[in-house]
Amino acid sequence: MQFVSQAFVVFLPLAFVAYWVAGRLGGGATAQNVVLIAASYAFYAYWDVRLLWLLAAISVIGFVSGLLLERDSGPATRKAVLVTTLLLSLGILGFFKYFGFFLDSLTSALQGVGFSTPSYALNILLPLGLSFYTFQMLTYPLDVYRRQAHATRDAIAFLAFASFFAQLTAGPIGRARELLPQYQARRLFDDARARDGLRQVLWGLVKKVLVADNLAPLVDHAYGGYQSMHSLDLLVIAVFFAVQLYADFSGYSDMAIGLGKLFGLRLPTNFAYPYFSRSTAEFWRRWHMSFSFWIRDYVYIPLGGSRVRTPRRVFNVLVSFLCVGIWHGADWTFVVWGLLNGLYQIPGILLGRTTPRDTIAHGRLIPSLREAGAMLGTFLLAVLAWVFFRADSLAQAAGVLGRFFTSPGGGLETDYVPYLALCAALLVGEWLQREQPYTLRQLRRLPVPVRWASYCALLLTLLVLGAHGASPFVYVQF
Amino acid sequence: MVKFALRLGVFLFVLAVVAEVFFRTIIPATSLPGSYMDPRDEIFRFDSTWVTSGTNTHGRFGLRPAAWRVNSAGWNSQFDYTSSQEKERPRIALLGDSFIEGFPTDVDTHVDAYLHELAGGQADVYAFGRSGWYLAQYVALARYAEQRFAPDIYVIFLNYQDIQDSLRENGVKTPYAYQITQDGAGFRELEPPVRFVFTPRSKLLRRSAIVRYVRGNLRLTWGRTEAVVEDANLRPGGGAAEAQEASPLLQPAADHMIERLVTEHPGRDFLFVVDGDRDAIYAGDAVDPPRPELDVLRRAVQGHANVRILDLQPVYRAVYARDRRRFDGADGNHWDAYGNRVVAEAVFIALTADQQLPPRQD
């Protein structure tokens, strides 16, 4: 089930009412969790009931491993439990997501050096959100192993944590130590928080339906026929994809976080205006934060992180970004995209630059020339890398990039102008509210008539200008 | 939570009111008549007891408004039809699909209106058109027209794959249209598979501009088949000729349907008007693309003195060479007012040339 679907319009109110009524009828946290599990499994089964067992299996693996790790056993046993858990979970993920890719690559490589091997065409169905819920579940045994969290004996709460429908298919990837306690206590309805959640859902909807889905056909069409396009048009298309991907994924995240608020849950922030970053390091502190922090905490830091000599640090960064790339999918384009982002970090490491923690142009409307230059440069580097992310193959990415630099001439396609205005409107709106968790948040301060008029205007704009029934969320495929 | 629900309810009510006003004034939602399958004759047509006039608009911005009017017989026409007993002058029946239904243009700029005008009042022109119809449906429709209105001439408009679509062997193409199927050595007529009813619920929903906008302008449905499929013929390209492998059943099916028409309506004249490939003409193609169904039709009408064919391709070609003006509207397929006029003139010339209509005195 997609958030932007008719089925979800029916599903959400039913789940919402059942959840809060269950909480009120004396069942407390357990009753709320049972409703949440039922709703989440129904949500998942609506997409494909055949793979529901996988969600249950990953959850059970996580829960049991937590109990085993909590036992007062020796370090070797604990390590064995953790390794087994990782092998099982990542093995399932690897089989569904990467097995076909590795087999294809191996076959191609063998054929390339002259071996005669049959080509196996594996048609493995990729379970929706597998990477997301596997990674979220893994935070639990990893944190218990590190003694940063306690194992829970509340299986119902754990199942609810591992399957909450709002974050099931595309995150944000929460940490067990932050989320699990929320499921273990009865959630109380908070009127202001629920309204804030609805507002954030609305903003996510605007980004998805109005921006991302309107840009998607242009990008798809252009990538299908880039051979006949000129540099300027291709550059504009690359920018469109950057905005499309951001609007799509951050729109999903806003909706997920907003839905979490409706159910009294605090989900982690996933985006913090990444295109207003002054360096690629800052970009990765603001883009898909729940995932990049996961990689930082469970890959980069265990490798030694920053507290090592520079060559080793560079190696750690490259390995981490390689993981980022591979996590996205079984394709060489993602591998190159990940490594390219890793390479972007190296000048900063060599020059000893620190990543700024504050918001750009903090307290000011206009950035300084230096800030604007750094922001533009970072944006263009991201745009360049997204070409690999979007391309269907390395050859296509190389073709697009080649035409960037070798096909001048031809003016800007006039059809693109309204879409450029759409991108500009989104970015300007977000710039003005970049100190807020999400762009519409400040509407809460306006008088009711103005606020409601704004909501009406946004919803009518969505209806009239939105691309309805268009593409699913991009990150759902990961 | 109750306070939250109440507040949300009030907001949704306000939103609904604002949206209703918005889609009635700023962006006018399309309005289309209701349809049902008349159980008396099993013909799908408009409900003349409900809303009988309105404006059809297109797309998300509610553009290209076109007025429609449902007459007392349940057809989109500016004329009211009288029964066969009240016949005062020769009658021409136009049978067709969405081109004759005519929602893309104002009702007074349809082929029937122009033909009536060209005939100078010497003949009544009755149009019977619904989107997505094809030849097998016209056989059944002619029976209905004969029984109710007794026309003297049947002008039947064909385009795309109207013979192929008539065969159930190729699947159900339009759920409210008759088809034929091979039955032993011959063919058998099949009634429309869906009996559409214009329910009170549909009537109520269609009062809402929001519903009409969402369904009619945005074309979003709640996963159910809509009774009104006014653009079922709208296919990309607007070309009439889709070169295809001719099915072996095509010729016998066409022979059967023409035979049925002729034998069921002795003494009547038939003129088949076959749409051309307008895109080929606009593109400047000197050679006409192949049109297998036209060839099949030509063979089927051989030996029937009262059945003729008017191929619009040479008409389009000649008029386009003269005026350099397209015949279709913004949807790139259906005729605009000018296209309707051109076709009406061509039909009028064909009918007067065959002396089925007397030439105009002026």
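Remember, it's a predicted structure, so these values are computed and weren't measured experimentally.

**Quick word on the environment of Pro 192 of chain B**
All names here are of chain B.
For step 1, the next point in the chain: When you line up the elements, Pro 192 lands in the loop between strand S9 (186–190) and helix H5 (200–207).
For step 2, the next point in the chain: Assessed through its relative accessible area of 3%, Pro 192 is described here as buried.
For step 3, the next point in the chain: In this structure, the C-alpha to C-alpha distance between Pro 192 and Ala 177, residues 15 residues apart in sequence, is 4.8 Å.
For step 4, the next point in the chain: When residues no more than four places from it in sequence are discounted, the contact partners of Pro 192 are Met 37, Glu 42, Pro 175, Tyr 176, Ala 177 and Tyr 178.

**A closer look at the domain arrangement of chain A**
Residue and element names in this part refer to chain A.
For step 1, the next point in the chain: We note that the domain assignment places domain 1 (6–112 + 123–189) and domain 2 (192–278 + 356–477) within chain A.
For step 2, the next point in the chain: Taking the mean C-alpha position of each, domain 1 and domain 2 sit 29 Å from one another.
For step 3, the next point in the chain: Between domain 1 and domain 2, the contact holds 27 residues from the first and 18 residues from the second.
For step 4, the next point in the chain: Overall, the association of domain 1 and domain 2 removes approximately 1,900 Å² of surface from exposure, summing both partners, and the carbon and sulfur fraction of that is 73%.
For step 5, the next point in the chain: Contact with domain 2 buries surface across domain 1, with Ala 170, Pro 172 and Gln 182 losing the most and accounting together for 28% of the total.

**Structural notes on the sheet that holds strand S6 (residues 124–129) of chain B**
All names here are of chain B.
For step 1, the next point in the chain: Read across the sheet, five strands follow the order S6-S5-S7-S10-S11 without closing on themselves; strand pairing throughout is parallel. At either end of the open sheet lies a strand with only one pairing partner, and these are S6 and strand S11 (307–311). Averaged over all adjacent pairs, the angle separating strand axes in this sheet is 20°, with direction ignored.
For step 2, the next point in the chain: Bridge count for strand S7 (residues 153–158) against strand S10 (residues 269–274) is six bridges, and the pairing is parallel.

**Thoughts on the environment of Phe 22 of chain B**
For step 1, the next point in the chain: By secondary structure assignment, the location of Phe 22 of chain B is in helix H1 (residues 2–25).
For step 2, the next point in the chain: Sequence separation between Phe 22 of chain B and Ala 209 of chain B is 187 residues; the distance between their C-alpha atoms is 8.7 Å.
For step 3, the next point in the chain: Residues contacting Phe 22 of chain B, with those up to four places away along its chain left out, are Leu 460 and Val 464 of chain A together with Ile 27 of chain B.

**A word on a nonpolar patch on the surface**
Residue and element names in this part refer to chain A.
For step 1, the next point in the chain: There is a patch of nonpolar side chains on the surface, built from Leu 232, Leu 235, Leu 376, Leu 380, Leu 412 and Val 417 and spanning about 480 Å² of accessible area.
For step 2, the next point in the chain: Broken down by secondary-structure element, the contributors of at least two residues to the nonpolar patch are helix H9 (231–262) and helix H14 (369–390).
For step 3, the next point in the chain: Within the element layout of this structure, Leu 235 appears in helix H9.
For step 4, the next point in the chain: Residue classification places Leu 235 among the partly exposed residues on the basis of a relative accessible area of 36%.

Criteria and cut-off values
- Residues numbered from 1 in each chain as written.
- Chains lettered and ligands numbered in written order.
- Predicted model: local features only at pLDDT ≥ 70, side-chain atom pairs only at ≥ 80, totals over all residues.
- Heavy atoms only, no water.
- Helix = DSSP H or I, 4+ residues; strand = E, 2+ residues; numbered from the N terminus.
- Buried < 20%, exposed > 50% of the residue type's maximum accessible area, 1.4 Å probe, protein only.
- Contact = heavy atoms within 4.5 Å.
- Domains from an automatic or database assignment.
- Buried area = accessible area lost by both parts, 1.4 Å probe.
- Pairing = 2+ DSSP bridges.
- Axes fitted to C-alpha atoms, helices over the stretch in contact; angles between N-to-C directions.
- Patch = residues over 30% accessible without salt bridge, like charges linked within 9 Å, V, L, I, M, F, W, Y side chains within 5 Å.
- Areas by Shrake-Rupley, 256 points an atom, 1.4 Å probe, with all protein chains shown as cover.
- Salt bridge = Lys/Arg side-chain N within 4 Å of Asp/Glu carboxyl O.

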